[in-house]
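Examining the three-dimensional arrangement
Chain residues, written in single-letter form:
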Amino acid sequence: TLFRLGLAAYTVEGLCDAALTALLYLLLRPAGRELALIALLMRIVSTAAFAVSEFFYFASLSVLRADYLTAFPHRQIDSLALLLLRLYGSTGTIPTLFYGVALILIGRLVFVSGYLPRWLGALLALGGLSTTTGMLLIIVAPQYATSYLLLPMMVAMLALTLWLLFVGVNVPNW
């Protein structure tokens, strides 16, 4: 079903994110081993927490298809499935918070690296700061939270991707 395809896509995303985390560590370790390790750990925690939150996504389908829940009215089962989907939707805050902090650290490493442009490091740090701020607002002041705070992170990650694909690193400085 389309629902299972969505779960498969999230799983592939998590696997790719784990590989990207390792590659970013290898790329940025020369710029600061300890900071690169902390960024690596933040990204691992983020990816693992997001993978755990996917449980709620898949559990909603299991509840809807469970033949052992026939003792409950369909309305209650539907409500439980919706609750699980909403829990899945709300459990992305903490993983994204860790991701934002990691992005600040990655931005710092890129900024001081000497083999990637400083403006890219500043953009990554700004994206991380914006993301972290957005996630903290969801937790402490949800009335002020906005998804627009994720835009700088998206721009920064797109810029990093395009730079690495088309320009690469200054190998002699690496």
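Above this note sits the structure.
First, a word on scope: everything that follows refers to the structure included in this document. (Residues numbered from 1 in each chain as written. Predicted model: local features only at pLDDT ≥ 70, side-chain atom pairs only at ≥ 80, totals over all residues. Heavy atoms only, no water.)

1. What to know about the overall build of the chain
The helix and strand inventory of the chain stands at six helices and zero strands. In the chain, the succession of helices and strands from N to C terminus is α-α-α-α-α-α. With the C-alpha coordinates of the chain rotated into their principal frame, the extents come out at 70 × 35 × 25 Å. Scored against the burial criterion, the 174 residues of the chain give a buried share of 36%. Taking the intrachain contacts of the chain between residues at least 6 apart in sequence as the baseline, contacts between residues at least 24 apart amount to 71%. Surface exposure of the chain reaches about 10,400 Å², of which carbon and sulfur atoms provide 73%. (Helix = DSSP H or I, 4+ residues; strand = E, 2+ residues; numbered from the N terminus. Buried < 20%, exposed > 50% of the residue type's maximum accessible area, 1.4 Å probe, protein only. Contact = heavy atoms within 4.5 Å. Areas by Shrake-Rupley, 256 points an atom, 1.4 Å probe, with all protein chains shown as cover.)

2. Quick notes on the pattern of salt bridges
A complete count under the given rule lists one salt bridge for this structure. The salt bridge partner of Arg43 is Asp17, with a shortest N-O separation of 2.4 Å. Of the two residues, Arg43 sits in helix H2 (residues 33–65) while Asp17 sits in helix H1 (residues 2–28), which places them 26 residues apart along the sequence. As far as the burial class goes, Arg43 and Asp17 line up, both buried. (Salt bridge = Lys/Arg side-chain N within 4 Å of Asp/Glu carboxyl O.)

3. Side note on H1
The first and last C-alpha atoms of H1 sit 38 Å apart over 27 residues, in line with the 39 Å expected at 1.5 Å per residue. In the core, the buried residues of H1 are packed alongside H2, helix H4 (93–113) and helix H6 (151–166). (Expected span 1.5 Å × (residues − 1).)

4. A look at the layout of surface pockets
As a volume, the largest pocket reaches approximately 570 Å³. Around the largest pocket, the lining is made up of 23 residues, and of these Glu13, Phe50, Gly92, Pro95 and Thr96 lie nearest the centre. Of all elements in the fold, only H1, H2, helix H3 (74–90), H4 and helix H5 (118–140) reach the threshold of two or more residues within the lining of the largest pocket. Broken down by element, the lining of the largest pocket gets its largest block of residues, five residues, from H1. Along the lines of polarity and charge, the residues of the lining of the largest pocket split into eleven nonpolar, ten polar and two charged. As a volume, the second largest pocket reaches approximately 190 Å³. Leu20, Leu23, Leu24, Leu26, Leu27, Met157, Leu160, Thr161 and Leu164 together form the lining of the second largest pocket. When contributions to the lining of the second largest pocket are tallied by element, the ones reaching two or more residues are H1 and H6. Broken down by element, the residue count for the lining of the second largest pocket peaks at five residues, all from H1. (1 Å grid on protein atoms, 1.4 Å probe; cavity = no way out; pocket = protein on both sides within 12 Å on 5 of 7 lines; lining within 4 Å. Points joined across faces, edges and corners; volume = space filled by probe spheres on them. Nonpolar A, V, L, I, M, F, W, Y, C, P; charged D, E, K, R; others polar.)

5. A look at a nonpolar patch on the surface
Taken together, Ile94, Leu136, Ile138, Ile139 and Val140 make up a surface patch of nonpolar side chains, about 440 Å² in accessible area. The element contributing the most residues to the nonpolar patch is H5, with four residues. With respect to the element layout, Ile94 can be found in helix H4. Judged by its relative accessible area of 43%, Ile94 is partly exposed. (Patch = residues over 30% accessible without salt bridge, like charges linked within 9 Å, V, L, I, M, F, W, Y side chains within 5 Å.)

6. Remarks on empty space enclosed by the protein
Applying the stated criterion across every chain, the model contains one cavity of 30 Å³ or more. Taken as a whole, the largest cavity encloses approximately 50 Å³ of empty space. Thr21, Leu24, Tyr25, Leu28, Ala36, Ala39, Leu40, Arg43, Ile106 and Leu109 together form the lining of the largest cavity. Of the residues belonging to the lining of the largest cavity, the class tally is eight nonpolar, one polar and one charged.

7. Some points on the packing of H1 against H2
Running from N to C, H1 and H2 cross one another at 175 degrees; their axes reach a closest spacing of 9 Å. One element, H1, and the other, H2, form an angle in the roughly antiparallel class. Of the residues that constitute the contact of H1 with H2, the class distribution is 16 nonpolar, six polar and seven charged. (Axes fitted to C-alpha atoms, helices over the stretch in contact; angles between N-to-C directions. Parallel < 35°, antiparallel > 145°, perpendicular 65-115°, else oblique.)

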